[in-house]
Amino acid sequence: DYQYRSLQSQINPHFLYNTLDSINWLAKRSRQKDISTMVEALSHLMRYSISKNDASTITLGQEIDIVKDYIDIQ
């Protein structure tokens, strides 16, 4: 059961990243820059939140990147 759950937790983010990447390429192909920007920002935020390694501090540069991605989504 543990191995199954572990594998499932790896597949779910991978599936989401692939889906976001497909949406991004469709947006780029259709020249929908706003959609592409939002999808890329969402992907960055997801990657950051999933890969965060329990560090309680981040650099100012990382924080600025997170804020920029959030603004792009809004």
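Data block above holds the structure.
Conventions used here
- Residue indices begin from 1 for each chain and proceed along its sequence in written order.
- Owing to the predicted nature of the model, reporting of local features is limited to residues with pLDDT of at least 70; listing and counting of side-chain atom pairs is limited to 80 or more, with chain, interface and lining totals taken over all residues.
- Where side-chain values are given, they derive from all heavy atoms of the structure, hydrogens and water being excluded.
- A run of H or I in DSSP counts as a helix once it spans at least four residues, and a run of E counts as a strand once it spans at least two, with each numbered from the N terminus.
- A radius of gyration in this sense is built from C-alpha atoms; the matching globule rule multiplies 2.2 Å by the number of residues raised to 0.38.
- Residues are treated as being in contact if the distance between any of their heavy atoms lies within 4.5 Å.
- Two residue types count as positive, namely Lys and Arg, and two as negative, namely Asp and Glu; His and chain ends fall outside the count.
- Charge positions come from single atoms, namely NZ of Lys, CZ of Arg, CG of Asp or CD of Glu.
- Definition used for salt bridges: Asp or Glu carboxyl oxygen within 4 Å of a side-chain nitrogen of Lys or Arg.

Asker: Just checking my understanding: could you explain the overall build of the chain for this structure?
Answerer: From N to C terminus, the chain includes 3 helices and 0 strands. Element order for the chain, N to C, with α for helix and β for strand: α-α-α. Computed over the C-alpha atoms, the radius of gyration of the chain is 15 Å, more than 25% above the 11 Å expected from 2.2 N^0.38 for a compact globule of 74 residues. Of the contacts formed within the chain by residues at least 6 apart in sequence, a portion of 55% connects residues at least 24 apart. For the chain, the separation between the mean place of its 8 positive charges and that of its 9 negative charges on side chains is 7 Å.

Asker: Help me out: how do you make sense of the environment of Asp 34 in this one?
Answerer: Here Asp 34 lies in helix 2 (residues 33-51). Sequence separation between Asp 34 and Asp 69 is 35 residues, and the spatial gap between their C-alpha atoms is 13 Å.

Asker: Help me out: how do you make sense of the pattern of salt bridges in this one?
Answerer: Close approach of charged atoms lets side chains of opposite charge pair. Applying the stated criterion across every chain yields a total of 1 salt bridge. For the salt bridge of Glu 40 with Lys 28, the shortest nitrogen-to-oxygen distance reads 3.2 Å. Residue Glu 40 is located in helix 2, and its partner Lys 28 is located in helix 1 (residues 2-29); the two are separated by 12 residues in the primary sequence.

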